[in-house]
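# Reading the structure
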Amino acid sequence: MEMLNEILEYNKTFVDKREYEKYQTTKFPNKKMVILTCMDTRLLELLPKAMNLSNGDVKLIKNAGALIAHPFGSIMRSILVAVYQLQAEEVMVIGHHDCGMSGMKPEPVIESMKERGVAQETLDQLNYSGININQWLHGFDNVTDSVKHSVDMIKNHPLMPNDVPVHGLVINPETGKLDLVVNGY
């Protein structure tokens, strides 16, 4: 069975049995916090459990590496919306050890793109248009430095209020242990 059909079949049962009721909450985070973390599959359940978070407690933003690549991209916009419209009073950036973005080089990704049908002409056109594909696809070398970078991007953003603490942490994806990198207080 295709994954989509499996999900839709499960969802019908989920709704019919009213399983959703135990997850109902408001759009405002109970703990008045927004968290930016990585999309790593190991963090899906581990991160909330390691932090004693339940459904409705925080706004959770996930992307590859918990990186803010552009100060006016969708990640930063989401953080600002959480602060200005959804009652978030603190921000946490949580990276993790053994991240796929750590040491990621653009060349293998570009080769994969070509193998799957992206033409060299397309890549050249993007580069000629001012989009540095190699820089855009580059990961980071050190997770602690990467977390500090994202914290600095948020804290020093011209639209971020000065009274919002921005913290940085690194989680161990095997044990759930959190290491403090930046105390925003």
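One structure accompanies this document, and this report is about it. A quick note: this is a predicted structure, and the numbers were derived from the prediction, not measured.

### Observations regarding the overall build of the chain
Scanning the chain for helices and strands turns up 7 helices and 5 strands. Of the regular secondary structure in the chain, the N- to C-terminal order runs α-β-α-β-α-β-α-α-α-α-β-β. Expressed as lengths along the three principal axes of its C-alpha atoms, the size of the chain is roughly 50 × 50 × 35 Å. Classification of the 185 residues of the chain by burial places 36% in the buried group. Considering only intrachain contacts with a sequence separation of at least 6, the fraction spanning at least 24 residues in the chain is 73%.

### A word on the sheet that holds strand β4 (residues 166–171)
Here we have 5 strands laid out as an open sheet, ordered β2-β1-β3-β4-β5, and mixed in their pairing. Where the open sheet ends on each side, the last strands, each with one partner, are β2 (58–63) and β5 (178–182). With direction set aside, neighbouring strand axes in the sheet form an average angle of 25°. In this structure, strand β3 (residues 90–96) lies alongside β4, joined through 6 bridges in parallel fashion. The residue bridging V91 from the neighbouring strand is V166, located in β4.

### Focus: the pairing of strand β1 (residues 33–38)
Of all 6 residues making up β1, 6 are buried, and the element is well covered by its neighbours. Of the pairings in the sheet, the one linking β1 to β2 comprises 6 bridges and is parallel in character. Across the sheet, the residue bridging to V34 is K59, located in β2. In this region the chain leaves β1, passes through helix α2 (residues 43–50) and returns to the parallel neighbour β2; the handedness of that crossover is right-handed.

### Concerning unusual backbone geometry
Unlike most non-glycine residues, R18 shows phi in positive territory, near 60°. With respect to the helices, strands and loops of the structure, R18 is situated in the loop between α1 (3–16) and β1.

### Some words on helix α7 (residues 143–155)
Under the 1.5 Å per step criterion, the end-to-end length of α7 is 18 Å for 13 residues, consistent within 8% with the ideal 18 Å. By the burial criterion, the buried members of α7 are V143, S146, V147, S150, V151, M153 and I154. Looking straight down α7, one finds that the buried residues subtend no more than 160° of arc, so they occupy a single side. On its buried side, α7 packs onto α3 (74–85), β3, β4 and β5. Measuring from the backbone nitrogen of T144 back to the side-chain oxygen at the start of α7 gives 2.8 Å, which picks out N142 as the cap.

### Some details on the nonpolar core
Among the nonpolar cores identified, the biggest contains 39 residues, and I35, I68, I79, V91, I94, I154 and M160 are the most heavily contacted of them. Broken down by secondary-structure element, the contributors of at least two residues to this core are β1, α2, β2, α3, β3, α7 and β4. Looking at this core element by element, the count peaks at 6 residues for α3. The contacts of I68, once residues within four sequence positions are left out, are L36, I75, M76, I79, H149, S150, M153 and I154.

### Re the environment of A64
If you trace the backbone, A64 turns up in the loop between β2 and α3. A relative accessible area of 27% places A64 in the partly exposed class. C-alpha separation for the pair A64 and M39, spaced 25 residues apart in sequence, amounts to 5.5 Å.

### Side note on the packing of aromatic side chains
Evaluation of the coordinates by the stated rule reveals 2 aromatic pairs. Seen from their ring centres, F14 and Y23 are 6.4 Å apart, and the 25° between their planes marks the pair as stacked. Classification of F14 as partly exposed rests on a relative accessible area of 21%. Grouping aromatic residues by their ring pairs yields a cluster made of Y10, F14 and Y23.

Rules of the game
- Residues numbered from 1 in each chain as written.
- Predicted model: local features only at pLDDT ≥ 70, side-chain atom pairs only at ≥ 80, totals over all residues.
- Heavy atoms only, no water.
- Helix = DSSP H or I, 4+ residues; strand = E, 2+ residues; numbered from the N terminus.
- Buried < 20%, exposed > 50% of the residue type's maximum accessible area, 1.4 Å probe, protein only.
- Contact = heavy atoms within 4.5 Å.
- Pairing = 2+ DSSP bridges.
- Axes fitted to C-alpha atoms, helices over the stretch in contact; angles between N-to-C directions.
- Right-handed = clockwise from strand over helix to strand, strands pointing away.
- Expected span 1.5 Å × (residues − 1).
- Arc of directions from axis to C-beta.
- Polar contact = N/O pair within 3.5 Å; in protein donor to acceptor, adjacent residues only side chain to side chain.
- Core = buried A, V, L, I, M, F, W, Y, C linked by side-chain atoms within 4.5 Å.
- Phe/Tyr/Trp six-rings, centres within 6.5 Å; stacked < 30°, edge-to-face > 60°.

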